[in-house]
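# Chains, contacts and geometry: an overview
Each chain, letter by letter, is given below.
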Amino acid sequence: LIIDGKNAKWSSSNTNIATVDQTGMVTGVSCGETTINATIGDKTASIRVIVSYDDVNEDDWYYNSVIYCATNKIIYGTSDTTFSPNNKLTRGNLVTLLWRMEGSPKISGEQKFSDVKSQEYYYDAVNWAGSKGIVNGYEDGKFRPNNNITREQLATILMNYAKYKGKDTRAVSYTHLRAHETL
């Protein structure tokens, strides 16, 4: 398809991901997916554009997940150009992801954790999760948002989030049949 850039009207479906000027030059803004359209008269040609991080490649097993989360503003990169896929997940990161999945709701009231400061990116998320019973913090009144999350903490927070979402969280017991393992 050849488009005469002088006569086309160019647009991006999401200018937070990529912009396009009136000559058709596309510029990536942040990671995610958008559609670039060129319209001449009553005809429109479209192309899907994916802007990725420098450290996430199309053949990485997690590529589509990173693009989905970036496009939907669930996970942001560690910079404009890097995702840092091998970084550890912190308690603050996890709660922020859940909060963003809920649409980043506004919560009023006092922060219940003494170590969560209002200028930090996770402040609203931790405040929201604490108010909904998704997180309770430690016995000393701290949340420790920069600590790496343990598997037991992850399981507990995800179960509490499932309860918040109205899911059945009753424990289920599974019996492993050794006979099947040796067949």
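Below you will find a few notes about this structure. (Residues numbered from 1 in each chain as written. Predicted model: local features only at pLDDT ≥ 70, side-chain atom pairs only at ≥ 80, totals over all residues. Heavy atoms only, no water.)

## Details of the packing of helix α2 (residues 91-101) against helix α4 (residues 151-164)
Put simply, α2 and α4 touch, their axes get as near as 11 Å, and they point 20 degrees apart. By the angle class used here, α2 and α4 are roughly parallel. In this structure, α2 meets α4 at a crossing whose hand is right-handed. When α2 is examined against α4, the residues R91, L94, L98 and M101 are found in contact with a partner set consisting of Q153, L154, I157, L158 and Y161. (Axes fitted to C-alpha atoms, helices over the stretch in contact; angles between N-to-C directions. Helix = DSSP H or I, 4+ residues; strand = E, 2+ residues; numbered from the N terminus. Parallel < 35°, antiparallel > 145°, perpendicular 65-115°, else oblique. Left-handed = near helix turned anticlockwise from the far one by under 90°. Contact = heavy atoms within 4.5 Å.)

## A look at the pairing of strand β4 (residues 32-40)
As paired strands, strand β1 (residues 9-12) and β4 are joined by four bridges and run antiparallel to one another. The partner of K9 across the bridge, within β4, is T39. For β4 and strand β5 (residues 43-51), the ladder comprises nine bridges, and the chain directions are antiparallel. Of the residues in β5, the one forming a bridge with T34 is V49. Where β4 folds back onto β5 in an antiparallel hairpin, the turn is made up of two residues, including G41, whose phi is positive at roughly 60 degrees. (Pairing = 2+ DSSP bridges.)

In short, the description is geometric, and any link to function would need to be established separately.
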